[in-house]
Amino acid sequence: MKSEGEPGRRHHDRALKARLVELSLQPGASASAIAREHGINANLLFTWRREFRRAETSAGNTACAVLLPVKVSSDAEVMTMATLVEPTSPPSRSAPRSGVIELEFAGAQLRLRGAVDEASLCSVLRALRQSA
């Protein structure tokens, strides 16, 4: 039981929580440093982040950022890769195939569902093999 002189649980207003969550979600931001600067425990800030994400999801805002690795190539490099990829014969007009193709290559994952254009897939695989 808490005596009269002991401090109680601190209550933070929603505006402060929202501001700190927003700051912590900025690229390159350190949630721990932001928490320390504002005198709160980092675990509390991470809890607020989860709560805000849940609230956004339940409100129907299901869009969330997904970071993907990107490599920017020069035009000359793209042209070189395009000339190295041999054209293949056009796909046959047979019944569409269903299923899933999953590939892991150099730390990246590629998942293809449903009908897959065989010529395009071969071109992508050749380009990946040549760039490795």
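Preceding this paragraph is the structure being described.
Residues numbered from 1 in each chain as written. Predicted model: local features only at pLDDT ≥ 70, side-chain atom pairs only at ≥ 80, totals over all residues. Heavy atoms only, no water.

Visitor: With reference to specific residues and values, describe helix H3 (residues 42–58).
Guide: The end-to-end C-alpha separation of H3 is 25 Å, in line with the 24 Å expected for 17 residues at 1.5 Å each. For H3, the set of buried residues is Ala42, Leu45, Trp48, Arg49 and Phe52. For H3, the angular spread of buried residues about the axis comes to 115 degrees, placing them on one side. Across from the buried face of H3, at angles greater than 90 degrees, the exposed residues are Asn43, Arg54 and Ser58. Residues of H3 that are buried in the fold lie against helix H1 (14–24) and helix H2 (31–37). (Helix = DSSP H or I, 4+ residues; strand = E, 2+ residues; numbered from the N terminus. Expected span 1.5 Å × (residues − 1). Buried < 20%, exposed > 50% of the residue type's maximum accessible area, 1.4 Å probe, protein only. Arc of directions from axis to C-beta. Contact = heavy atoms within 4.5 Å.)

Visitor: Now, about H1: what can you tell me, with residues and values included?
Guide: The α-helix advances 3.6 residues per turn, and as a result positions three or four apart in sequence lie on the same side. Those residues of H1 lying buried are Leu20, Val21 and Ser24. The buried residues of H1 occupy an angular sector of 100 degrees when the element is viewed end-on, so they sit on one face. Contacts from the buried residues of H1 go to H2 and H3.

Visitor: Before we move on, can you summarise the nonpolar core with the specific residues and values?
Guide: One finds Leu20, Val21, Ala31, Ile34, Ala35, Ile40, Ala42, Leu45, Trp48 and Phe52 forming the largest nonpolar core, which totals 10 residues. It is H3 that provides the largest number of residues to this core, a total of four residues. Excluding anything up to four places from it in sequence, alanine 35 contacts Ile40, Asn41, Ala42 and Leu45. (Core = buried A, V, L, I, M, F, W, Y, C linked by side-chain atoms within 4.5 Å.)

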